[in-house]
Amino acid sequence: MKSLIIRIFIQNWPRKLISLILAIIVWFVVSQSMATTKTISNIGIRILNIPEGKTVEGLQSNGLLQKRVTLTLSGNKNLLDELTSNDIEVVIDAVNQRKEWIATISKKNLLSLNPDINLTRRINKISHKNFIIKLTNLVTERIPVIITQPIGQAPKGYQFLDIWPYQLNLNISGPEDVVKEVKNRGIKLTFNLNDISESQLDDLQSSSSKQSDVVSFFVPKHWKHVSIPILSTSPITIDDPDAKFLRIDFVRSELIPINHPIPISLFVPPHLILALNPQKLGIVSNEMIENKNGIKLINQPLYAKGVSELFLETISDMIGITVIANPKPDQNQLDWTVQFINPKVLEDRYVSTLLSDSSDEDLHDLQPKVREEYLRNRFRSYMNRFTLYRPDFKRFKLDIEMQGNKINITESNHE
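Here the residue numbers are simple positions, counted from 1 along each chain's written sequence. Only residues with pLDDT of 70 or above have their local features reported here, since the model is predicted, and side-chain atom pairs are shown and tallied only from 80 upward, although totals for entire chains, interfaces and linings are computed over all residues. Hydrogen atoms and water are omitted, and side-chain values are computed over all heavy atoms in the structure.

### Some words on the sheet that holds strand E15 (residues 247–252)
Here comes step 1: The pairing criterion is simple: DSSP has to find at least two bridges between the two strands. For helices the rule is a DSSP run of H or I covering at least 4 residues; for strands it is a run of E covering at least 2, with both sets numbered from the N terminus onward. Pairing in this open sheet of three strands is antiparallel, and the strands run E9-E15-E12 from one edge to the other. Each edge of the sheet is formed by a strand with only one pairing partner; in this case those strands are strand E9 (158–164) and strand E12 (215–218). Averaged over all pairs of adjacent strands, the angle between strand axes in this sheet comes to 30°, irrespective of strand direction.
Here comes step 2: Bridge count for E9 against E15 is six bridges, and the pairing is antiparallel. Following the sheet pairing, Gln 159 is matched in E15 by Val 251.
Here comes step 3: Should any heavy atoms of two residues lie within 4.5 Å, those residues are considered in contact. Each axis is a line fitted through C-alpha atoms, taken for helices only over the stretch in contact, and angles between the N-to-C directions span 0 to 180 degrees. In the packing of helix H9 (residues 368–385) onto the sheet, the strands contacted are E9, E12 and E15, and the crossing angle to E9 comes to about 140°.

### Looking at the side chain of Asn 109
Here comes step 1: Inspection of the secondary structure assignment puts Asn 109 in the loop between strand E5 (100–103) and strand E6 (110–112).
Here comes step 2: Here the side chain of Asn 109 touches Ser 106 through a polar contact of 2.9 Å, landing on its backbone nitrogen.
Here comes step 3: Residue contacts for Asn 109: discarding those within four places in its chain leaves Glu 89, Val 90, Val 91, Ile 92 and Thr 104. Any N or O atom pair separated by 3.5 Å or less is treated as a polar contact, with the protein-specific requirement of one donor-capable and one acceptor-capable atom, and with residues adjacent in sequence counted only for side-chain atom pairs.

### Looking at the sheet that holds strand E20 (residues 295–298)
Here comes step 1: Read from one edge to the other, the open sheet built from five strands follows the order E19-E20-E17-E22-E23, with strand pairing classed as mixed. Of all the strands in the sheet, just strand E19 (289–292) and strand E23 (335–340) have a single pairing partner and so form its edges. Strand-to-strand twist of the sheet, defined as the mean angle between neighbouring strand axes without regard to direction, takes the value 40°.
Here comes step 2: Note: strand E17 (residues 262–267) against strand E22 (residues 319–324), four bridges, orientation parallel. Note on E22: the bridge partner recorded for Leu 266 is Val 323.

### Brief notes about the environment of Ile 43
Here comes step 1: Note that Ile 43 resides in strand E1 (residues 35–48).
Here comes step 2: Along the backbone, Ile 43 and Val 69 are 26 residues apart, and their C-alpha atoms lie at a distance of 5.2 Å.

### Section: the pairing of E19
Here comes step 1: Both E19 and E20 contribute to a ladder of four bridges, which runs antiparallel. Note on E20: the bridge partner recorded for Glu 290 is Leu 297.
Here comes step 2: Counted between consecutive antiparallel strands, the loop separating E19 from E20 contains two residues, among which Asn 293 sits at a positive phi close to 55°.

### Here's the deal with helix H8 (residues 343–355)
Here comes step 1: The end-to-end C-alpha separation of H8 is 18 Å, in line with the 18 Å expected for 13 residues at 1.5 Å each.
Here comes step 2: Buried within H8 we find Leu 346, Glu 347, Tyr 350, Val 351 and Leu 354. Along the long axis of H8, the arc covered by the buried residues comes to 130°, so they all point the same way. Expected span of a helix: the number of residues minus one, times 1.5 Å. Relative accessibility under 20% of the residue-type maximum defines a buried residue, over 50% an exposed one, and the middle range a partly exposed one, all with a 1.4 Å probe and only protein chains included. Note that the arc is defined by the directions from the helix axis to the C-beta atoms.

### Regarding the pattern of salt bridges
Here comes step 1: Basic side-chain nitrogens of Lys or Arg form a salt bridge, by our definition, when they fall within 4 Å of a carboxyl oxygen of Asp or Glu. On inspection of all chains with the given rule, the structure shows 13 salt bridges.
Here comes step 2: Note that Lys 344 is salt-bridged to Asp 348, the shortest N-O span being 3.0 Å. Taken as a pair, Lys 344 and Asp 348 lie in helix H8 at a separation of four residues, close to a single helical turn.
Here comes step 3: A residue is classified by how much of its surface remains accessible, and Asp 348, at 29% relative accessible area, is partly exposed.

Don't take any of this as a statement about function, it's just geometry.
Here it is in structure tokens:
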């Protein structure tokens, strides 16, 4: 055994070593000289030296075209076997170009994104389908961004009130046709209430002044962007200075007692005055409806939810229930609605109270006119959502039936 090993490795070792070295050299030369062809798709195209005031159709904010190219490469087999679209990029020079031209790609147009790969020495031939690159006017437009009603659910214990401002603006630049399309189509931004936690609102409420009317969640910076895929692969940040005021307002989801009895009255549409004599019609008193000096009042405890105490304090003695004397076809049932008496005066009173409140730090940065507009929008949101509730958190509903000249009103037991 020992002699066999000596014969294999020791005897004539110089010649054997030279043979091994030569074999390695031959293998290396052959492997490096082996050529193949490979087709690689989805290769990015970058445009350089675009003339001032111009851009290229489909050019994105990262400098790459939306369209990508497929190349058939011939060259070193070892290189092409490992090469992917992530390793290379096509670079096209637009210097001295005016309108449009057919792009041709050669080795000088290839850029290696991998520092370990030398493309120029190992690629011999490139072929591809012709494609046109078109220059167009570069324009900048101020595009409105509409803040839509959010989706999702408000955190437990809170109700969504409003979002403000309702519109921001965004300056975008790009090909003229694309920018016009975006402007005509409009941009919408929608937030998800599920992304706001109860603990966040609790912290905001505890840190705000005692007289704060709402809990305002100021939208964080990373939410203030929109996606416009035809202009950019990444979201575009809204650059409107007013974006810093963007907030989502909440109120506590709790019952607030109405400390005044609510009058209930009758309204007869003018076209029914001859058919229904208002002087003969009357609301019948019962356990729920009492008559005080000729005024019918709801004598049950009622509550409001989804509004603030200040709002309710402002309007509580200036609301009433109106029964609409317009029977539905083949039925004697009547509809009813809650009415605000002199709502403009109530709105002015509410706004004046809050404008004189120096403790609400969230409003200090707003310009006086903007601040007033915001508060008026808040009051109107309260009015639009105002609903009467029973002590058990169920909505207050009425069954109203007309029987001859008598109108009988009872509380509805239907859910």
